[in-house]
Amino acid sequence: MDPEFAEVSDHDVTTITCVCGNTVSGEGLIQANAQGIPVHSGGNTPVPAGLAEWPEDEDLYTLCPSCGRVYSDTVVEETGTAPVALRVDVAHAPVAEAIRVHWELNA
Ligand SMILES: [Zn+2]
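Residues numbered from 1 in each chain as written. Predicted model: local features only at pLDDT ≥ 70, side-chain atom pairs only at ≥ 80, totals over all residues. Heavy atoms only, no water.

**Things to note about unusual backbone geometry**
Negative phi is the rule for most residues except glycine; trans is the rule for most peptide bonds. Spelled out, the test is: Working definition: helices are DSSP H or I runs of at least four residues, strands are E runs of at least two. Numbering for both runs from the N terminus.
A cis geometry characterises the amide bond from Ala-93 onward to Pro-94, with omega recorded as 0 degrees. Mapping Pro-94 onto the fold places it in the loop between strand E6 (82–87) and helix H2 (95–105). In this model, Glu-58 sits at a positive phi of 60 degrees, which is unusual for a non-glycine residue. Examined against the element boundaries, Glu-58 turns out to sit in the loop between strand E3 (30–32) and strand E4 (61–63).

The following block contains the structure:
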């Protein structure tokens, strides 16, 4: 199978239109780590249960919480294309729990 690509403009991950049709202004997109787990972006505050730590190497990914496709921010920023890097199961732990915590904090 050929890799799937999301649509993206100007090397900007916030403009991704996921393969499933979701966008930032739709169901939203979430910053995640290389495993597709949503990360905590609250600076030096403790990492809430369920979320992953902000990656020290700043290797961030963008998770579509609607379908579980994950895109590499580095690839998007360097190439202006958004191939699907991996897929995670958004219906089950640990991703489902992390998404719930993320929206609670960002409501
Ligand atoms: Zn999607």
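Back to the write-up after that little detour.
**A few points about the environment of Thr-17**
Going by this rule: For this analysis, residues touch if any pair of their heavy atoms sits within 4.5 Å.
In this structure, Thr-17 sits in strand E2 (residues 12–17). With residues near it in sequence (within four places) discarded, Thr-17 still touches Ala-6, Glu-7, Asn-22 and Thr-23.

**Things to note about the coordination of the zinc ion**
To keep it simple, the criterion reads: The donor definition counts N, O and S atoms within 2.8 Å of each metal and applies 3.2 Å to Na, K and Ca; water is not among these atoms, so some sites may look incomplete. The rule is simple: four donors are tetrahedral if all their angles sit between 85 and 135 degrees, four are square planar and six octahedral if opposite donors span more than 155 degrees and the others lie between 65 and 115, and anything that fits none of that is irregular. Residue burial is assigned from relative accessible area. The probe radius is 1.4 Å, only protein chains are included, and a residue is buried under 20% of its type maximum, exposed over 50%, and partly exposed in between.
Around the zinc ion, the protein contributes the donor atoms Cys-18 (SG), Cys-20 (SG), Cys-64 (SG) and Cys-67 (SG), at 2.2 to 2.3 Å from the metal centre. One can describe the site at the zinc ion as tetrahedral: its 4 donor atoms subtend angles covering 105 to 113 degrees at the metal. Counting residues between consecutive donors of the zinc ion along the chain gives the motif C-x1-C-x43-C-x2-C. With respect to burial, Cys-64 and Cys-67 carry one shared label: buried.

**Points about the sheet that holds E6**
Quick reminder of the rule: Strand pairing is assigned whenever DSSP detects at least two bridges linking the two strands. Geometry is summarised by axes, namely lines fitted to C-alpha atoms with helices restricted to the contacting stretch, and by angles between N-to-C directions that run from 0 to 180 degrees.
Taken together, the 6 strands give an open sheet; going across it, the order is E2-E1-E6-E5-E4-E3, and neighbouring strands pair in antiparallel fashion. Only two strands of the sheet have a single neighbouring strand rather than two, namely E2 and E3. Going across the sheet, the axis of each strand differs from the next one's by a mean of 45 degrees, ignoring polarity. Bridging between strand E1 (residues 5–9) and E6 involves 2 bridges; their strand directions are antiparallel. Within the sheet, the bridge partner assigned to Phe-5 lies in E6 and is Pro-83.

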